[in-house]
Amino acid sequence: LSPCSRIIVTGGASVNTAILQVIADVMNRPVYTQPIPNSAALGGAYRARYSNMRDTSGAGTYAEMVQPVSKTARLVCWPREGAEEVYEGMCQRFRVLQVRAQEIMKVEKEMGKVDTAGKMGKTAIVDNMDPESGYKDKKIVGR
């Protein structure tokens, strides 16, 4: 997200300020909501319209299309001071876990251990470290 980005939430959870505060803190951006009923349906309609526009004419950006709606959005949460430092570390760890999960999925696919839904079996990639040399490698373990 760019420094000038903001998040506009819709749907049932958009009335829960605790959830919205977490979103603001994690994303380090202000969170807005729509003061209209059925805003989730409106958001879905805008996504469908944009997809159709992109496929047929290729014109405009999503931000340009929703400009009238974003003008009516109401600020509900601002990121708390210090939250960026807390969540940035967590986000970095999450990105590492995502990469490791992708590695596991790739190995399991190669080994034929991924079921039709794409779920992982009981394979894992384990970090091995030799205490004397400090050499670190990865070992695949599984069924």
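Residues numbered from 1 in each chain as written. Predicted model: local features only at pLDDT ≥ 70, side-chain atom pairs only at ≥ 80, totals over all residues. Heavy atoms only, no water.

Participant: In this structure, what is going on with helix 2 (residues 39-56)? I would like to understand it.
Facilitator: Note: α-helices contain 3.6 residues per turn, so residues at a spacing of three or four share the same orientation. When the terminal C-alpha atoms of helix 2 are compared, their 25 Å separation across 18 residues agrees well with the 26 Å that a helix rising 1.5 Å per residue should span. Those residues of helix 2 that sit buried are S39, Y46 and Y50. Burial along helix 2 is one-sided: seen end-on, the buried residues are contained in an arc of 35 degrees. Summarising the geometry of helix 2, the exposed residues directed more than 90 degrees from the buried face are A41, D55 and T56. (Helix = DSSP H or I, 4+ residues; strand = E, 2+ residues; numbered from the N terminus. Expected span 1.5 Å × (residues − 1). Buried < 20%, exposed > 50% of the residue type's maximum accessible area, 1.4 Å probe, protein only. Arc of directions from axis to C-beta.)

Participant: It is not clear to me how unusual backbone geometry should be interpreted in this structure. Could you clarify?
Facilitator: One non-glycine residue with positive phi stands out, namely N28, at about 55 degrees. Tracing the backbone through its elements, the reader meets N28 in the loop between helix 1 (17-27) and strand 2 (31-33).

Participant: I would appreciate a short explanation of helix 5 (residues 83-111) in the present structure.
Facilitator: For helix 5, spanning 29 residues, the distance from its first C-alpha to its last is 42 Å, which sits close to the expected 42 Å at 1.5 Å a residue. Turning to helix 5, its buried residues are A83, I104, V107 and E108. Looking one or two residues past helix 5, G112 carries a phi angle of roughly 75 degrees, positive in sign.

Participant: It is not clear to me how the sheet that holds strand 1 (residues 7-9) should be interpreted in this structure. Could you clarify?
Facilitator: Sheet strands associate in pairs through backbone hydrogen bonding, adopting either a parallel or an antiparallel arrangement. Taken together, three strands build an open sheet; the order of strands is 1-2-3 and the sheet is mixed. One side of each edge strand has no neighbouring strand; the edge strands of this open sheet are strand 1 and strand 3 (74-77). Between one strand and the next, the sheet's axes are offset by a mean angle of 45 degrees, whatever the strand orientation. Sheet analysis places strand 1 next to strand 2, joined by three bridges and oriented parallel. Opposite I8, over in strand 2, you have Y32 as the bridge partner. Running at roughly 85 degrees to strand 3, helix 1 makes contact with strand 1, strand 2 and strand 3 of the sheet. (Pairing = 2+ DSSP bridges. Axes fitted to C-alpha atoms, helices over the stretch in contact; angles between N-to-C directions. Contact = heavy atoms within 4.5 Å.)

Geometric descriptors of this kind do not, in isolation, establish any biological role.
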